[in-house]
Each structure stands twice: as C-alpha cells, then as structure tokens.
Amino acid sequence: MSQPSLVIGNINWFKYASPQTFFPLAGAMIPWFAWAGAVFCAAGLYIGFFVAPTDQQQGEAYRIIFIHVPAAWMSMFIYLVMAFWAGVGLVFNTRLSGMMASALAPTGALFTFLALWTGALWGKPTWGTWWVWDARLTSELILLFLYFGFMALQAAIDDPRRADRAGAVLALVGAVNIPIIYFSVQWWNTLHQGASVSLAAAPTMAATMLTGMLLMALAAWMYSIAASLHRVRSIILERERGADWVAHYARSLSEFTPTNS
Amino acid sequence: MSWSSGSDFFAMGGYALYVWGSYAVTAGLILLEVVMLILRRRNALASLPEGRGEAGPR
C-alpha cells in the first residue's frame, strides 16, 4: 500500500505519521514533558497542602480533590484522544495512529482507577459510603471496563493491524460514554456533586484551592504525554523490529552503553 | 498554613486514612507504571533480532 499524503501549506503531514520519523521526535519530547510534570506536581502539592486553607465543611478530607479531579479529567480526556487516534487509523490506515491509541490505553485506565479509588476514599468520610450506584460513579466504572476491554481485545488478536481495527471500533463505540459521564451530574440528580469548575460561572472554591487543583491537572497532562510517548516508542520497536532503522537504532544504543540498558 | 506541627500534618484533621490512602496509592501506581514502561522498553530492545539475517517472524 502506498504512503498516503495530506499536503497542506507545502507540508506533508503524513511525514510525521511514519513510525521511523516519529520515534526520535517522541524520544526528544519525553524529558521535557516528564520534567514539566514533576515541576507542576511539586508546585501543586505545595499549594495543595501548605497554602490552600482547610475547607469549612469537609475539613482536611477535601485535599483528596487535588488528585481526584485531575485523575477524573484525564480519564475522560485520554479516552477521547485514544478514540480520536483509533478513528484516524481506521480512516487513513496510518500505522502510527493505532500504535498511539494502544499506547494511551494503560495510562487512561490508570487514571480511571485512581479517580474511582480516590472517589471512594473521599465518599466514605463525606457521604458515609465507599460506593453508590450513582450515575457518575457507574459511568466512570464503565469507562474503566472500556479501557480493559480495549486492551484485552488488542491482546487477543495476533495481527497488530487487525487488532488496531478491532480496538478502534470498540474505542469509537465506547466514546458515547464520555458525554454520559460528563453530563451525568446534570441529567440525573444523584449523589455526586456537580462540576467543581465551570468556564461559565464564577469559581465556587477558594482561589488557592483552584490553583493547586489546576497545577495538579497540568502535572497529570504532562505525565500522561510523557508516559504515552514512552510507551509508543516501545510499541514501535516491537512492531517494526524487522526494519533496518530499528537495527541501526539498537546498534547505536549498544555502542554508547555496552550493557545495553 | 493549616499545620502547627509535623504530627498535625500527618493526622490530616482526623482524615489521615482517606487523604494519605489516596496519595499513597496514586504515587504507588504511577511508580508501578514507570517501572512497567522501563521494562517494556528493555524487553522490546532485548527481543530485537541481532542482524537482519537471523530475523525471527516478521
């Protein structure tokens, strides 16, 4: 199959859709995102624990918000990005898109689990229960199963390109769950509170609490980008192992580090 | 700042189990993912064919 081309403004955008071109680019970006994530995390934790005041109603229990809300945002956003790349892979048949979707799934599942875990630990002291079959909680649990289903389906199919296509269909169908999670607190009047942060309304939380939460959200973004770029590089190595450039790359590594770390 | 001492900080106003339970599991799982990322890369590199001649399947 010939390489597709999408030329806009004299740039062939499919150039970066080649795993060979993307591999070094991703490698160069990882340290920047990792360090940015570490800095945002340190600043967010400092403000979250040493600057933000005690909440009048919830006491110190509210400090779970600095993990819970960023994790919940990432769980939904990573799914949308994963479904987007899966869809691009289906339409344009670009190999890298499917690899990107596969690389995002474990990190998305991690943040989904953390949103549920921290939610349970926050629900117990504030609601008096670890878990209720509330619309928000239930749809977030379905999101976790969608991530697991995506990974299990891909793992069950030997041919990577077929695994990409099957996973893409699952990811796209499952994307309907994202607006359900997001709007569940408006559509069903259940236990979970409404959105903490809205672009349309004035903030209802103290400015320092909001700052800490947004810094932690930025940290989660940076970490997710670094982790998925790192994983996609491993996937490229796994799938392109027969290619000359991969052999060159492996040889260049072993020249500099004899132990082949 | 809300804390007068270190033990005050760790007590988290009586919510230590919930707050530290959240942060500890988050830190632990992220650390686990980083270790798994490093291992996956190491395995991917280790399973590369040495030369094109003795390349395995694919």
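Anyway, here's the lowdown on the structure attached to this text. (Residues numbered from 1 in each chain as written. Chains lettered and ligands numbered in written order. Predicted model: local features only at pLDDT ≥ 70, side-chain atom pairs only at ≥ 80, totals over all residues. Heavy atoms only, no water.)

### Topic: the overall build of chain B
Argument step 1. In terms of regular secondary structure, chain B is built from 2 helices and 0 strands.
Argument step 2. Per element, the accessible surface of chain B, about 3700 Å² overall, is 65% carbon and sulfur. (Helix = DSSP H or I, 4+ residues; strand = E, 2+ residues; numbered from the N terminus. Areas by Shrake-Rupley, 256 points an atom, 1.4 Å probe, with all protein chains shown as cover.)

### Considerations on the interface of chain B and chain A
Argument step 1. Across the contact, 31 residues belong to chain B and 43 residues belong to chain A.
Argument step 2. In total, about 3600 Å² of surface goes out of reach between chain B and chain A, with carbon and sulfur atoms giving 65% of it.
Argument step 3. Put simply, chain B and chain A have 2 salt bridges between them.
Argument step 4. For A:R231, the salt bridge identified is with B:E33, shortest N-O distance 2.6 Å.
Argument step 5. The tally of links between chain B and chain A comes to 11 residue pairs in polar contact (both at pLDDT 80 or more).
Argument step 6. Sort the elements by how many residues they give to the side of chain B that touches chain A and helix 2 (residues 16-46) of chain B lands first, with 19 residues.
Argument step 7. Looking at the side of chain B that touches chain A residue by residue, the class counts come to 20 nonpolar, 6 polar and 5 charged. (Contact = heavy atoms within 4.5 Å. Buried area = accessible area lost by both parts, 1.4 Å probe. Salt bridge = Lys/Arg side-chain N within 4 Å of Asp/Glu carboxyl O. Polar contact = N/O pair within 3.5 Å; in protein donor to acceptor, adjacent residues only side chain to side chain. Nonpolar A, V, L, I, M, F, W, Y, C, P; charged D, E, K, R; others polar.)

### What to know about the side chain of A:R63
Argument step 1. Here A:R63 is to be found in the loop between helix 1 (19-51) and helix 2 (65-92).
Argument step 2. Exposure remark for A:R63: the relative accessible area of 0% places this residue in the buried category.
Argument step 3. Polar contacts involving the side chain of A:R63 include one to the side chain of B:S2, which spans 3.2 Å.
Argument step 4. If sequence neighbours within four positions are ignored, A:R63 has contacts with A:G48, A:F49, A:A52, A:P53, A:T54, B:S2, B:W3, B:M12 and B:Y23. (Buried < 20%, exposed > 50% of the residue type's maximum accessible area, 1.4 Å probe, protein only.)

### Looking at the packing of aromatic side chains
Argument step 1. Evaluated as defined, the whole model comprises 23 aromatic pairs over all chains.
Argument step 2. With centroids separated by 4.8 Å and ring planes inclined at 75 degrees, the aromatic side chains of A:F23 and A:Y249 adopt a geometry described as edge-to-face. On the criterion of sequence distance, the pair formed by A:F23 in helix 1 and A:Y249 in helix 8 (residues 244-256) is long-range, its members being 226 residues apart.
Argument step 3. Classification of A:Y249 by relative accessible area gives buried; the value is 17%.
Argument step 4. Each residue in the set A:Y46, A:F49, A:F50, B:W3, B:F9, B:F10, B:W20 and B:Y23 is aromatic and connected to the rest through ring pairs, giving one cluster.
Argument step 5. Here the basic side chain of A:R233 rests over the ring of A:F23, its NZ or CZ set 4.0 Å away from the ring centre. (Phe/Tyr/Trp six-rings, centres within 6.5 Å; stacked < 30°, edge-to-face > 60°. Lys NZ or Arg CZ within 6 Å of the ring centre and 35° of its normal.)

### Quick notes on the packing of helix 4 (residues 135-156) of chain A against helix 5 (residues 160-174) of chain A
All names here are of chain A.
Argument step 1. Axis separation between helix 4 and helix 5 bottoms out at 9 Å; the angle between their running directions is 165 degrees. Between helix 4 and helix 5, the crossing angle belongs to the class labelled roughly antiparallel. Between helix 4 and helix 5 lies a crossing of right-handed hand. Here L146, G149, F150, L153 and Q154 of helix 4 lie close against helix 5, whose contacting residues are A163, D164, A166, G167, A168, L170, A171 and G174.
Argument step 2. A breakdown of the residues in the contact of helix 4 with helix 5 according to their chemical character gives 8 nonpolar, 4 polar and 1 charged. (Axes fitted to C-alpha atoms, helices over the stretch in contact; angles between N-to-C directions. Parallel < 35°, antiparallel > 145°, perpendicular 65-115°, else oblique. Left-handed = near helix turned anticlockwise from the far one by under 90°.)

### What about the pattern of salt bridges?
Close approach of charged atoms allows side chains with opposite charge to pair.
Argument step 1. Evaluation of the coordinates by the stated rule reveals 5 salt bridges over all chains.
Argument step 2. In this structure, A:R239 engages A:D164 in a salt bridge whose closest nitrogen and oxygen atoms are separated by 3.0 Å. With A:R239 in helix 7 (residues 207-239) and A:D164 in helix 5, this pair connects stretches of sequence that are 75 residues apart. With respect to burial, A:R239 and A:D164 carry one shared label: buried.
Argument step 3. Residue A:E238 pairs with B:R40 through a salt bridge whose shortest N-O separation is 2.8 Å. Taken together, the residues span two chains, with A:E238 in helix 7 and B:R40 in helix 2.

### Things to note about a nonpolar patch on the surface
All names here are of chain A.
Argument step 1. On the surface, a cluster of nonpolar side chains totalling about 530 Å² of accessible area is made up of L90, V91, F92, V169, L172 and V173.
Argument step 2. Broken down by secondary-structure element, the contributors of at least two residues to the nonpolar patch are helix 2 and helix 5.
Argument step 3. With respect to the helices and strands, V169 occurs in helix 5.
Argument step 4. On the basis of relative accessibility, which here comes to 45%, the residue V169 falls in the partly exposed class. (Patch = residues over 30% accessible without salt bridge, like charges linked within 9 Å, V, L, I, M, F, W, Y side chains within 5 Å.)

### Here's the deal with unusual backbone geometry
Argument step 1. In this structure, A:N93 takes a positive phi of about 60 degrees despite not being glycine.
Argument step 2. Take A:N93: it is sitting in the loop between helix 2 and helix 3 (95-127).
Argument step 3. The partly exposed category is assigned to A:N93, whose relative accessible area is 27%.
Argument step 4. At B:M12, a position not held by glycine, the phi torsion is positive, near 50 degrees.

### What about the nonpolar core?
Argument step 1. If you look at the biggest cluster of nonpolar residues, it comprises 33 residues, and the most contacted ones within it are A:Y79, A:M82, A:F111, A:Y147 and A:A171.
Argument step 2. Of all elements in the fold, only helix 2, helix 3, helix 4, helix 5, helix 6 (177-187) and helix 7 of chain A reach the threshold of two or more residues within this core. (Core = buried A, V, L, I, M, F, W, Y, C linked by side-chain atoms within 4.5 Å.)

### What to know about helix 3 of chain A
All names here are of chain A.
Argument step 1. Here helix 3 spans 47 Å end to end across 33 residues, near enough to the 48 Å set by a 1.5 Å rise per residue.
Argument step 2. At A105, helix 3 shows its largest bend, some 30 degrees, and a proline, P106, comes one to four positions later.
Argument step 3. Of all 33 residues in helix 3, 25 are buried; the element is thus mostly enclosed.
Argument step 4. Of the residues trailing helix 3, G128 is marked for its positive phi of about 85 degrees. (Expected span 1.5 Å × (residues − 1). Bend = angle between axes of the 7 residues up to and from the residue.)

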